[in-house]
Amino acid sequence: VVSLFLSISTGVAPVLLLRWFWMRINAWSQLSAMLASLVYTVLLYALEASGHPIYDWLPFKPHETRIILVTVLTSLTWLTVTFLTPRTNPDLTAQFKEALPPRKRVLKDLGIALLFGLGITAVLFLGLMLLFGRG
């Protein structure tokens, strides 16, 4: 279940993050990303369960390969939808921009959050390594 949720989430993540920076992304882009990620994840799980050698050509584990494929396929899907659908109404885009904090602040906060997340991950990883005697 966790693997399924992770696979769907990683497929959707790029469009949800880029929406804050690239105003060309619209609601159809986000909706297509959510649906495509679900469909590709379920399809790859079904192929894997049927014994199809879909992952044999890549040097990764099936779980890693599934996440990579779902992310790439979903990104191709929402990018296509983004350019095939009309832009969001400029007035709505202007309202959205007004609600956002300045871009520098968003990037600064994102950088801090990333560093904090990496620090926590490193501490947990080192703690587990010490706990299980591999450090």
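Please refer to the structure placed before this passage.
A. Highlighting the packing of aromatic side chains. Summed over all chains, the structure comprises 2 aromatic pairs. Between tryptophan 22 and phenylalanine 83 the ring centres are 5.8 Å apart and the planes differ by 55 degrees, which places this aromatic pair in the tilted class. One end of the pair, tryptophan 22, is in the loop between α1 (2–18) and α2 (27–49); the other, phenylalanine 83, is in helix α3 (residues 62–84), with 61 residues separating them in the sequence. Connected via pairs of aromatic rings, a cluster forms that spans Trp22, Trp78 and Phe83. When the ring centre of tyrosine 45 is taken as reference, the NZ or CZ atom of arginine 66 above it lies at 4.0 Å.

B. Spatial organisation of the side chain of serine 37. Mapped onto the elements, serine 37 comes out in helix α2. Serine 37 sits in the buried class, given a relative accessible area of 0%. Separated by 2.6 Å, the side chain of serine 37 and the backbone oxygen of isoleucine 8 make a polar contact.

Cut-offs used in this document
- Starting from 1, residues in each chain are numbered consecutively following that chain's sequence as written.
- Only residues with pLDDT of at least 70 are given local features in this predicted model, and only at 80 or more are side-chain atom pairs given and counted; all residues enter the totals for whole chains, interfaces and linings.
- With hydrogens and water set aside, each side-chain value is computed from the structure's full complement of heavy atoms.
- Centres within 6.5 Å are what make two rings of Phe, Tyr or Trp a pair, Trp counting through its six-membered ring; a difference in plane orientation under 30 degrees is then read as stacked, over 60 as edge-to-face, and the rest as tilted.
- Numbering of helices and strands runs from the N terminus; a helix is a DSSP stretch of H or I covering at least four residues, while a strand is a stretch of E covering at least two.
- Criterion for a charge above a ring: Arg CZ or Lys NZ at most 6 Å from the ring centre, at most 35 degrees from the ring normal.
- Summary of the burial criterion: residues with accessible area below 20% of their type's maximum are buried, those above 50% are exposed, and those between are partly exposed, where the area comes from a 1.4 Å probe applied to protein chains only.
- Pairs of N or O atoms are called polar contacts if they sit within 3.5 Å, as long as, within protein, a hydrogen donor faces a hydrogen acceptor (for residues adjacent in sequence, only side-chain-to-side-chain pairs).

Worth remembering: the numbers are spatial, not functional.
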